[in-house]
Amino acid sequence: MTSSARAPRGANSDYRAIAHELREAITSGEYQPGDKLPSERALAEQHGAARNTAREAIAALRREGLVSAEHGRGVFVRSKPRWMRFGRRRYSAAMRSTNELGPFGAEAVAQGRTPHVDSRITRVEAPAEVAERLGIEPGTSVVQRENWYFADDEPLQIGVTYAAWSLVEGNPLGDSADLGPQGIYGQFAALGHVIAHVREEISARMPTREEAQRMTIPDGVPVIELWHTGIDADREPFEVTRFVMRADYSALDYDMPVEDQ
């Protein structure tokens, strides 16, 4: 984008006014993803403001996740590539058969991206929120499968899966990152729990320091937290996963029947 000079707003221009004008230019498309914003000096001159005021305006946009700063190059409008998380069909056998990395891998393949997952598997005592969803006593021994999901080497989400140790002991679910061609739900099916229903609880919050660092989340960008419970045909919950996803990259796609009243 070629930036045109703007009329000065006076010596007492507030950083919020500068941020508002830039925000409007970004959301209207005047500034496109990848465009470089005017420098702090140029913004200060355009608005008749101190340079510190222009710096505060840029900082406000960074906190909102609208722009990012590159050392020695300037401040740029951030792009927002969308990652679509499928609803019911992400757990279907047809989707699972496309990739060994489970539903995430199937989604990546469907969206033309290359997935990989870093896993850490431990045996822990069930936290209260996990025990409640699995219908077991808090402190019961469970496997904890912590997965960091990447698409084209870009970190997009975390998924921590829990299942009762008494169910997975002796199965690759208890100690292996390699779960075979049908992935995690193929292994659960082999144990007699074919996924037939899901319950998903969705909320938003700000990321923890570790989440922000490992997923390279800019200041001001929240995460989507999704608690997923896998339920078999007998309505028995057999696994719980807490997903944490970058809100600026993620979209949720659900297609479900409406129950009769």
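My aim in this report is to walk through the structure given alongside it, one point at a time. (Residues numbered from 1 in each chain as written. Predicted model: local features only at pLDDT ≥ 70, side-chain atom pairs only at ≥ 80, totals over all residues. Heavy atoms only, no water.)

Turning to the environment of threonine 161, a few remarks are in order. Topologically, threonine 161 is positioned in strand E6 (residues 154–164). The class for threonine 161 is buried, based on a relative accessible area of 6%. Filtering out sequence-adjacent residues up to four positions away, threonine 161 remains in contact with Val143, Gln144, Arg145, Ile184, Glu239, Val240 and Thr241. Side-chain polar atoms of threonine 161 contact the side chain of threonine 241, separated by 2.7 Å. (Helix = DSSP H or I, 4+ residues; strand = E, 2+ residues; numbered from the N terminus. Buried < 20%, exposed > 50% of the residue type's maximum accessible area, 1.4 Å probe, protein only. Contact = heavy atoms within 4.5 Å. Polar contact = N/O pair within 3.5 Å; in protein donor to acceptor, adjacent residues only side chain to side chain.)

Here the focus is the nonpolar core. Leu22, Ile26, Tyr31, Leu37, Ile58, Leu61 and Val67 are the most contacted members of the largest nonpolar core, which totals 19 residues. Contributing elements (two or more residues each) for this core: helix H1 (15–27), helix H2 (40–47), helix H3 (51–63) and strand E2 (74–77). Residues contacting leucine 37, with those up to four places away along its chain left out, are Tyr31, Ile58, Leu61, Val67, Val75 and Val77. Judged by nonpolar contacts, the second largest core, of 17 residues, contains Leu134, Trp148, Met215 and Trp227. (Core = buried A, V, L, I, M, F, W, Y, C linked by side-chain atoms within 4.5 Å.)

Our next topic: the pairing of E6. Where burial is concerned, most of E6 is hidden: 10 out of the 11 residues are buried. Sheet analysis places strand E5 (residues 141–151) next to E6, joined by 10 bridges and oriented antiparallel. If you follow arginine 145 over to E6, its bridge partner there is threonine 161. In sequence, E5 turns back onto E6 through a hairpin of two residues, with aspartate 152 there showing a positive phi of about 50°. (Pairing = 2+ DSSP bridges.)

For the rest of this paragraph, the subject is the packing of H1 against H3. At a minimum axis separation of 8 Å, H1 and H3 run at an interaxial angle of 45°. Taken together, H1 and H3 sit at an angle that is classed as oblique. Judged by the sense of rotation from one axis to the other, the crossing of H1 with H3 is right-handed. Mapping the contact onto sequence places Tyr15, Ile18, Ala19, Leu22, Arg23 and Ile26 in H1 and Thr53, Ala54, Glu56, Ala57, Ile58, Ala60 and Leu61 in H3. (Axes fitted to C-alpha atoms, helices over the stretch in contact; angles between N-to-C directions. Parallel < 35°, antiparallel > 145°, perpendicular 65-115°, else oblique. Left-handed = near helix turned anticlockwise from the far one by under 90°.)

Here alanine 59 shows up in helix H3. A C-alpha to C-alpha distance of 8.8 Å links alanine 59 and alanine 19, two positions 40 residues apart in sequence.

With that out of the way, let us pick up the pattern of salt bridges. Two side chains bearing opposite charge may form a pair once their charged atoms approach each other closely. Overall, the coordinates contain 13 salt bridges when judged by the stated rule. Between arginine 51 and glutamate 40 there is a salt bridge, with its nearest N and O atoms 3.4 Å apart. Here arginine 51, found in helix H3, pairs with glutamate 40, found in helix H2; they are 11 residues apart in sequence, far enough to count as distant. Across the pair arginine 120 and glutamate 146 runs a salt bridge, and its minimum N-O distance is 2.7 Å. Separated by 26 residues along the polypeptide, arginine 120 in strand E4 (residues 115–125) and glutamate 146 in strand E5 bring together distant segments of the chain. Residues joined in a network through salt bridges with shared partners are Arg205, Glu211, Glu225 and Arg242. (Salt bridge = Lys/Arg side-chain N within 4 Å of Asp/Glu carboxyl O.)

Before going further, it helps to spend a moment on the environment of glutamate 239. Tracing the backbone shows glutamate 239 in strand E9 (residues 237–246). Relative accessible area serves as the criterion here: at 0%, glutamate 239 is assigned to the buried category. As a C-alpha pair, glutamate 239 and phenylalanine 188 span 51 residues in sequence and 8.8 Å in three-dimensional space. Apart from residues lying up to four places away in sequence, glutamate 239 is in contact with Leu134, Thr161, Tyr162, Tyr185, Phe188, His228, Thr229 and Gly230.

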